[in-house]
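Chain and residue survey
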Amino acid sequence: MQDACEDPHRLARMSLQDPGAILAGGDRMMGIAPRIPQLGGFVSAIANVWPSFCLRLFRSEESQLEDALVDRVNRIRASGGVMALKALLRMGCRAPLIEPLDEQLIGLPPAEGP
């Protein structure tokens, strides 16, 4: 089961009740999730755009990376959320979604290539 509440205490309680069955969600939790015992994993939207960055953050406790994560999540939300992620990946948007303008993506790093 995935829980994207972004509440580390709730996730810890739930994962203790059913070890390995709870997946954390909500990209802001990426730096915290590895420190929650018995959590089954993590589901991330921005890892599709910046997989190396996210993996490095998930495996380390570098506070600078957590600050960069919060900045990226805030910028993505301000730029249109899923639509901004699709634009960074050059996937385009189908109706009813409208692709954000390039100006709205200023300040976001480009998507990481394979």
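Bear in mind that the values here come from a model prediction, so they are computed numbers and not experimental data.

With that settled, the discussion passes to the sheet that holds strand β3 (residues 41-42). Overall, parallel pairing links the 3 strands, which are arranged β1-β2-β3 in an open sheet. The open sheet has two free edges, formed respectively by β1 (2-3) and β3, since each of these has just one partner strand. Direction of pairing for β1 relative to strand β2 (residues 23-24): parallel, over a ladder of 2 bridges. Paired with Q2 across the two strands is L23, which belongs to β2.

Tracing the backbone through its elements, the reader meets D27 in the loop between β2 and β3. No salt bridge is formed by the buried D27, whose closest oppositely charged neighbour, R77, lies at an N-O distance of 6.7 Å. Once residues lying within four places of it in the same chain are set aside, the contact partners of D27 are E6, F42, S44, A45, I46, L69 and V73.

So, about the environment of G40. Its place among the elements puts G40 in the loop between β2 and β3. For the pair formed by G40 and D67, sequence separation is 27 residues and the distance between their alpha carbons is 24 Å. Not counting residues within four places of it along the chain, the set of residues in contact with G40 comprises G20, I22 and L23.

This part covers the packing of aromatic side chains. Applying the stated criterion across every chain, the model contains 1 aromatic pair. Arranged with centres 6.2 Å apart and planes meeting at 40°, the rings of F42 and F58 form a pair that is tilted. Of this pair, F42 sits in strand β3 while F58 sits in helix α2 (residues 51-59), placing them 16 residues apart in sequence. With relative accessibility at 19%, the residue F42 sits in the buried group. Here F58 falls in the partly exposed class, since its relative accessible area comes to 31%. Above the ring of W50, the side-chain terminus of R72 is found at 4.8 Å from the ring centroid.

Conventions and cut-offs
Residues numbered from 1 in each chain as written. Predicted model: local features only at pLDDT ≥ 70, side-chain atom pairs only at ≥ 80, totals over all residues. Heavy atoms only, no water. Pairing = 2+ DSSP bridges. Helix = DSSP H or I, 4+ residues; strand = E, 2+ residues; numbered from the N terminus. Buried < 20%, exposed > 50% of the residue type's maximum accessible area, 1.4 Å probe, protein only. Lys, Arg positive; Asp, Glu negative; His and termini not counted. Salt bridge = Lys/Arg side-chain N within 4 Å of Asp/Glu carboxyl O. Contact = heavy atoms within 4.5 Å. Phe/Tyr/Trp six-rings, centres within 6.5 Å; stacked < 30°, edge-to-face > 60°. Lys NZ or Arg CZ within 6 Å of the ring centre and 35° of its normal.

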